[in-house]
Amino acid sequence: MASSPPSPPSPTPSASARSQVPVIDLGPWRSGEPGARERIAARVDEALQAAGFLLIAGHGVDPELPARIRAAAKEFFRLPAKVKEPYAVAVGGRGWLGPGAEANSYAEGAASPPDLKESWSCAADEPTGDPSVDAEWFRPNAWPAEVPALQPAAVEYIARMRALSDELLELLATALGLAPDHFTRHTGHPTWGFNLNWYPGTEVLGEPLPGQFRIGAHTDFGTVTVLDREPGSGGLQIHTDADGWQDAPYDPAALTVNIGDLMARWTGDRWRAGRHRVLPPPADAPAEELISLVYFYECDPHTRVESLPAPVGRVLHDPVDSHTYLRGKLDAITVS
């Protein structure tokens with residue numbers, strides 16, 4: 001095995017990075033406080049142009065719920081590999097993504113070793129009635145029999161994320177000066193994905209190879225991603241033009257939200273898809289263990305995504321079929 005280079009540096013967020021990723025409190029947005037919606041919409045528009053990331057407070061998710069999910073997920077991930085192997089799936093499947101299954105940097109066309117993580121993955125499972133669509137995008141989810149506490153907690157959390165994501169899409173439409181349902185009219189029966197990402201220490205997955213990360217640099221593929229994360233030395237970093245790579249600002253009471261490629265295309269690149277990566281276990285804390293709850297929201301299958309024209313949009317992309325685009329990205333990050 002090749003010798004491992006020193007872990008990449010782990011800078012703290014700069015003042016600029018913190019200002020570019022504001023904390024947006026949904027309380028005033030929901031209350032209808034005079035002028036609040038206009039102020040929040042303007043701040044969201046500014047932040048998504050700069051970095052593609054927000055911190056969302058006032059979301060109403062009881063912190064006990066993700067804590068229950070983490071406890072159950074940790075119980076599953078610590079099972080022997082031979083117990084987890086019957087649940088093994090490829091990227092986009094419903095089940096266990098084992099070590100070496102995924103390399104997110106390939107979404108950008110950059111070769112790298114596989115990501116240093118394991119995941120439990122589930123996705124949209126309510127059939128539409130169209131057999132071809134359902135066979136690809138709405139299959140039943142699997143759940144580990146060894147950890148019965150995982151399914152009910154995850155299902156409850158997913159329902160909260162679906163409702164929150166539609167609320168965020170209404171906020172985003174308002175930030176662009178559009179009708180509130182501009183995006184949610186395309187989420188009547190949407191696809192989504194939910195990953196529990198386990199980032200164990202080096203004693204589990206070994207020392208990082210050159211260029212190897214817990215998750216390589218990439219942008220997400222859909223509309224919005226809602227992340228409940230734990231802070232760590234080998235944690236989330238975001239990329240901005242002003243600062244390059246910086247540790248992502250963290251607020252224990254807030255969820256981290258970023259927009260994906262489809263939303264960036266939809267806005268004609270007015271907003272940037274939030275580019276990010278997750279650092280490998282740090283040399284000074286090789287046993288660091290983190291679990292992230294990642295909800296990827298998309299839209300109805302085969303939505304035609306067309307760029308908003310100027311003056312809102314900046315670049316007029318060719319229209320894309322949302323799910324042809326998504327499938328191409330999922331295939332790109334799959335390690336054979």
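Values in this document were obtained by computation on a predicted structure and should not be read as measured data. (Residues numbered from 1 in each chain as written. Predicted model: local features only at pLDDT ≥ 70, side-chain atom pairs only at ≥ 80, totals over all residues. Heavy atoms only, no water.)

Before going further, it helps to examine the sheet that holds strand E7 (residues 224-228). Ordered in space as E1-E2-E10-E7-E12-E5-E4-E3, the eight strands form an open sheet in which the pairing is mixed. Edge positions in the open sheet fall to strand E1 (23-25) and strand E3 (95-97), since each of these has one partner strand only. For this sheet the average axis-to-axis angle between neighbouring strands, irrespective of direction, equals 25 degrees. With eight bridges joining them, strand E5 (residues 192-199) and strand E12 (residues 290-297) adopt antiparallel strand pairing. Note that in E12 the partner of Gly 193 across the bridge is Phe 296. The strands touched by helix H3 (residues 36-50) are E1, strand E2 (53-57) and strand E10 (255-259); relative to E2, the strand with the most contacts, the crossing angle is about 145 degrees. This element, helix H7 (residues 150-175), spans E2, strand E4 (118-123), E5, E7, E10 and E12 of the sheet and lies at about 50 degrees to E12. (Pairing = 2+ DSSP bridges. Helix = DSSP H or I, 4+ residues; strand = E, 2+ residues; numbered from the N terminus. Axes fitted to C-alpha atoms, helices over the stretch in contact; angles between N-to-C directions. Contact = heavy atoms within 4.5 Å.)

Within a pair of aromatic rings, the relevant descriptors are the distance that separates the centres and the angle that separates the planes. For the structure shown, the criterion picks out nine aromatic pairs. Both rings, one in Phe 76 and one in Tyr 87, keep their centres 6.1 Å apart while their planes meet at 75 degrees; by these two values the pair is edge-to-face. You can see Phe 76 sitting in helix H4 (residues 64-77) and its partner Tyr 87 sitting in the loop between helix H5 (81-84) and E3, a full eleven residues away along the chain. On the accessibility criterion, Phe 76 (1% relative accessible area) is buried. Ring centres 5.3 Å apart and planes at 10 degrees place the aromatic pair Phe 77 and Trp 198 in the stacked group. With Phe 77 in helix H4 and Trp 198 in strand E5, the pair connects residues that are 121 residues apart, well separated along the chain. There is no split in this pair, since Phe 77 and Trp 198 are both buried. Sitting above the plane of the Trp 29 ring, Arg 37 keeps its charged end 4.0 Å from the centroid. (Phe/Tyr/Trp six-rings, centres within 6.5 Å; stacked < 30°, edge-to-face > 60°. Buried < 20%, exposed > 50% of the residue type's maximum accessible area, 1.4 Å probe, protein only. Lys NZ or Arg CZ within 6 Å of the ring centre and 35° of its normal.)

Across the sheet, which stays open at both edges, the four strands sit in the order E6-E11-E8-E9 with antiparallel pairing between neighbours. Each of the sheet's edge strands pairs with one partner strand only, and the pair in question is strand E6 (215-218) and strand E9 (244-247). Each adjacent strand pair in this sheet contributes to an overall mean axis angle of 25 degrees, direction not counted. The sheet contact formed by strand E8 (residues 236-240) and strand E11 (residues 276-278) spans three bridges and is antiparallel. In the strand pairing of E11, Ile 238 is matched with His 276.

Attention shifts here to the environment of Ala 264. Its place among the elements puts Ala 264 in helix H9 (residues 261-266). On the basis of relative accessible area, Ala 264 is assigned to the buried category, the value being 6%. Through-space distance from the C-alpha of Ala 264 to that of Leu 48 is 9.4 Å; in sequence the pair is 216 residues apart.

Turning our attention to the pattern of salt bridges. Inspection of every chain in the model, using the stated rule, returns 17 salt bridges. A salt bridge links Glu 64 to Arg 68; its shortest N-O distance comes to 3.6 Å. A residue pair is termed a helical-turn pair when its members lie 3 or 4 positions apart in one helix, as Glu 64 and Arg 68 do in helix H4 at four residues. Sharing partners across several salt bridges, the network here consists of Glu 64, Arg 68 and Glu 156. (Salt bridge = Lys/Arg side-chain N within 4 Å of Asp/Glu carboxyl O.)

Moving on to the side chain of Gln 20. Mapping Gln 20 onto the fold places it in helix H1 (residues 15-20). A polar atom in the side chain of Gln 20 sits 3.5 Å from the side chain of Thr 240. Leaving out residues up to four positions away in the same chain, Gln 20 has contacts with Ala 47, Ala 50, Ala 51, Phe 53, Thr 240, Ala 242 and Asp 243. (Polar contact = N/O pair within 3.5 Å; in protein donor to acceptor, adjacent residues only side chain to side chain.)

Here H3 contains 15 residues, and its C-alpha end-to-end distance of 21 Å stays within 8% of the 21 Å for a straight helix at 1.5 Å per residue. For H3, every residue scored as buried is listed here: Ala 36, Ile 40, Ala 41, Val 44, Asp 45, Ala 47 and Leu 48. Following H3 by one or two positions, Gly 52 adopts a phi angle in the positive range, close to 80 degrees. (Expected span 1.5 Å × (residues − 1).)

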